[in-house]
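This is what each chain is made of:
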Protein chains: 2
Amino acid sequence: MTYCCGVLVRDGLVLIADTRTNAGLDNISTFRKLHIFEEPGHHVLGLATAGNLSVSQSVVSLLREGVEDHEAGERHQLRDCRTMFQAAQLVGTAIRQVHKVNGELMEQSGISFEVSFLLGGQILGDCLRLYMVYSAGNFIECTPDTPFLQIGEHKYGKPVLDRAVTYEMEISDALKSSLISMDSTMRSNLGVGLPIDVMVVSPDTLRSELLYRVEPGEPYFHDLRERWSAALRSAHASIPRPPYLKDVRTRRLTEV
Amino acid sequence: MTYCCGVLVRDGLVLIADTRTNAGLDNISTFRKLHIFEEPGHHVLGLATAGNLSVSQSVVSLLREGVEDHEAGERHQLRDCRTMFQAAQLVGTAIRQVHKVNGELMEQSGISFEVSFLLGGQILGDCLRLYMVYSAGNFIECTPDTPFLQIGEHKYGKPVLDRAVTYEMEISDALKSSLISMDSTMRSNLGVGLPIDVMVVSPDTLRSELLYRVEPGEPYFHDLRERWSAALRSAHASIPRPPYLKDVRTRRLTEV
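So, how was this worked out
- Residues numbered from 1 in each chain as written.
- Chains lettered and ligands numbered in written order.
- Predicted model: local features only at pLDDT ≥ 70, side-chain atom pairs only at ≥ 80, totals over all residues.
- Heavy atoms only, no water.
- Helix = DSSP H or I, 4+ residues; strand = E, 2+ residues; numbered from the N terminus.
- Buried < 20%, exposed > 50% of the residue type's maximum accessible area, 1.4 Å probe, protein only.
- Contact = heavy atoms within 4.5 Å.
- Areas by Shrake-Rupley, 256 points an atom, 1.4 Å probe, with all protein chains shown as cover.
- Lys, Arg positive; Asp, Glu negative; His and termini not counted.
- Charge placed at Lys NZ, Arg CZ, Asp CG, Glu CD.
- 1 Å grid on protein atoms, 1.4 Å probe; cavity = no way out; pocket = protein on both sides within 12 Å on 5 of 7 lines; lining within 4 Å.
- Points joined across faces, edges and corners; volume = space filled by probe spheres on them.
- Nonpolar A, V, L, I, M, F, W, Y, C, P; charged D, E, K, R; others polar.
- Salt bridge = Lys/Arg side-chain N within 4 Å of Asp/Glu carboxyl O.
- Least-squares fit on C-alpha atoms with pLDDT ≥ 70 in both.
- Pairing = 2+ DSSP bridges.
- Polar contact = N/O pair within 3.5 Å; in protein donor to acceptor, adjacent residues only side chain to side chain.
- Axes fitted to C-alpha atoms, helices over the stretch in contact; angles between N-to-C directions.

Peer 1: An account of the overall build of chain A is requested, with residue identities and associated values reported.
Peer 2: Scanning chain A from terminus to terminus reveals six helices and 14 strands. In terms of its C-alpha atoms, chain A occupies a principal-axis envelope of roughly 90 × 45 × 35 Å. Buried positions account for 53% of the 256 residues belonging to chain A. When contacts within chain A are restricted to residue pairs at least 6 apart in sequence, long-range pairs at least 24 apart make up 62% of them. When the accessible area of chain A is evaluated, it comes to approximately 11500 Å², of which 51% is carbon and sulfur surface. Within chain A, the 32 negative side-chain charges are centred at a point lying 9 Å from the centre of the 26 positive side-chain charges.

Peer 1: Describe empty space enclosed by the protein, with residues and values.
Peer 2: As enumerated under the stated definition, the model contains one cavity of 30 Å³ or more in all. Taken together, 14 residues make up the lining of the largest cavity; nearest its centre are A:Pro159, A:Leu232, B:Pro159, B:Val160 and B:Leu232. Breaking the lining of the largest cavity down by element, the ones donating at least two residues are helix H3 (158-164) and helix H5 (219-238) of chain A together with helix H3 (158-164) and helix H5 (219-238) of chain B. Of the residues assigned to the lining of the largest cavity, the class counts are ten nonpolar, two polar and two charged.

Peer 1: Give me the side chain of B:Asp173: which residues, what numbers.
Peer 2: Within the element layout of this structure, B:Asp173 appears in helix H4 (residues 171-188). Classification of B:Asp173 by relative accessible area gives buried; the value is 16%.

Peer 1: Go over the layout of surface pockets, please, and point to the residues and values.
Peer 2: Volume-wise, the largest pocket comes out at about 730 Å³. Lining the largest pocket are 30 residues, and of these B:Met1, B:Thr2, B:Ala50, B:Gly51 and B:Asn52 sit closest to its centre. Among the secondary structure elements, those contributing two or more residues to the lining of the largest pocket are strand S3 (20-22), strand S6 (43-51), helix H1 (53-65), strand S9 (115-123) and strand S12 (148-152) of chain B. Among the elements that make up the lining of the largest pocket, the one with the highest residue count is S12(B) (five residues). Split into classes, the residues belonging to the lining of the largest pocket amount to eleven nonpolar, 15 polar and four charged. Around the second largest pocket, the lining comprises 23 residues; the ones closest to its centre are A:Thr2, A:Ala50, A:Gly51, A:Asn52 and A:Leu53. Among the residues forming the lining of the second largest pocket, the class breakdown is six nonpolar, 14 polar and three charged.

Peer 1: Give me the lowdown on the pattern of salt bridges, citing residues and values where you can.
Peer 2: Tallying each qualifying case throughout the model produces 34 salt bridges over all chains. Here A:Arg241 and B:Glu170 are joined by a salt bridge, their closest N and O atoms 3.3 Å apart. With A:Arg241 in the loop between H5 and helix H6 (243-255) and B:Glu170 in the loop between H3 and H4, the pair connects residues from two separate chains. Residue A:Arg241 is classed as partly exposed on the basis of its relative accessible area, which comes to 39%.

Peer 1: Give me the lowdown on the relation of the copies chain B and chain A, citing residues and values where you can.
Peer 2: Once chain B is rotated about the relating axis by 180 degrees and shifted along it by 0.0 Å, it coincides with chain A to within an RMSD of 0.0 Å. Interpreted geometrically, this transformation is the action of a two-fold axis. Among all residues of chain B, the one whose C-alpha sits closest to the rotation axis is B:Tyr156, at a distance of 2.5 Å. By residue overlap, the copies meet face to face through one surface: 98% of the interface positions of chain B are interface positions in chain A.

Peer 1: Tell me about the pairing of strand S10 (residues 129-133) of chain B, and please be specific about residues and values.
Peer 2: Along a regular strand, successive side chains alternate from one face of the sheet to the other. Residues and elements named next belong to chain B. Along S10, four of the five residues are buried, which leaves the element largely enclosed by surrounding structure. Pairing geometry for S9 and S10, over five bridges, is antiparallel. Following the sheet pairing, Leu119 is matched in S10 by Tyr131. Counted along the chain from S9 to the antiparallel partner S10, the turn is five residues long, and its residue Gly125 has a positive phi close to 95 degrees. Bridge analysis of S10 against strand S11 (residues 139-141) gives three bridges, and the strand direction is antiparallel. Within the sheet, the bridge partner assigned to Tyr131 lies in S11 and is Glu141. Connecting S10 to the antiparallel partner S11 that follows it, the hairpin turn spans five residues, and Gly137 within it adopts a positive phi of roughly 90 degrees.

Peer 1: Any chance you could break down the side chain of B:His35 for me, citing the residues and the numbers?
Peer 2: Residue and element names in this part refer to chain B. As for its placement among the helices and strands, His35 is situated in strand S5 (residues 34-39). Taking relative accessible area as the criterion, His35 reaches 15% and is therefore assigned buried. Among the polar contacts made by the side chain of His35, one reaches the main-chain carbonyl oxygen of Arg32 at a distance of 3.5 Å. Ignoring anything within four residues of it in the chain, the contact list for His35 reads Leu45, Gly46, Leu47, Thr49, Val60 and Arg64.

Peer 1: Describe the sheet that holds strand S5 (residues 34-39) of chain A, listing the residues and the values that go with them.
Peer 2: All names here are of chain A. Read from one edge to the other, the open sheet built from five strands follows the order S5-S6-S9-S10-S11, with strand pairing classed as antiparallel. Only two strands of the sheet have a single partner each, and these edge strands are S5 and strand S11 (139-141). Taking each pair of neighbouring strands and ignoring which way they run, the sheet shows an average axis angle of 15 degrees. Sheet strands touched by helix H1 (residues 53-65): S5, strand S6 (43-51) and strand S9 (115-123). Its angle to S5, the strand with the most contacts, is close to 5 degrees. In the packing of helix H2 (residues 84-108) onto the sheet, the strands contacted are S6, S9, strand S10 (129-133) and S11, and the crossing angle to S9 comes to about 155 degrees.

Given below as structure tokens:
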């Protein structure tokens, strides 16, 4: 499994991705799923991947080497895109090219052609944007109403994002929320695991503000996990018990 | 969708189930999914259902009217079972009988024969037990190591159970945890909704301690939702921000 999350707030963009891959429970490896495409001053893009690893790696390679445009007889790389919309389109085109080559036989072999991407960043002349691209190459863009997108094992880590993330929050709070969301996912699904790759981009800087790998045992993340557990336990304890049972038990005592 | 959760602690059993059903997003209804089989002093059983409503209702009806045992020429109801294991077996038999009648044509019509059950309670002479029964009629029993089982839309509400529920907790805390788990699920999946049916059974009483329906606007549950949200927000705020970014920003200021 995989969990990747992108948060786009006024103050900037966070992309985080775990690194665990598995082919069955007995074949677990570590692969980077957060890929960076950066030429400071011109563009800074992060591409987080989920789904079949052979497909996502092929897509990333095509985006680096160039996606063939047969009509024009040209190859297009992400660096050639002039807007984030064009970049998302190019990711879609790359997915469809991989599907054309591998899709049919994969599906005949019972392997589903499933892949998804978070593409976030900024290109000179455009704004900081975040997209989620699906297996068919179609995509949606993140907007301030719900300032985050997730791919992979998204459910365990969604409640905390639903409650905590707003477009007006500061970027370091957005980063904190995404790490808590990752922690919740890692606790409930063994297929998601450390290390975690993190990218932060501030608007209009056209360079990555932070590229960081959270390794196992890293003190801040370890502390965050402990504190979040303790805070949840005390939040739980602070809520009064349901009155339903007390009524019944009291009534029974009275009856006796 | 559906969310049902059973918590079995030393102090007793909680079963809760939402009541929302949907055939597509444009066809939403309210159906009871927590069914009670009770003869005080002899047995008290709760059966929570998820999956295809036509299948789960047929299974419940068979369990009430009697599941045909062709070899013995008899019909068996839940009340005839002498142990909880036999009761879980009977639920499995009922599922297979419904599959025999409806399974093939349902699958030909592209409707998957998917159903699952939580069966919890006590029968005179046996202990308080909790089982999860799958579509094929096979089942697992809940044990103190992980004292809860879930069916339906289980992921959103699992992190809170993973952290909060222990076998030694009191029954009213177990009930509170299951309500918080239901709240997390309802916030993230519109297919799960109020009212919520609740059953509580204390060990060796052989009667339901509580049968209760949480209706929309019910003050305690409304308050629990507000308090849990506020507690999560303050838990979030209490965790220090990641030092990663601060380092970068400080370094930049220093460079300037």
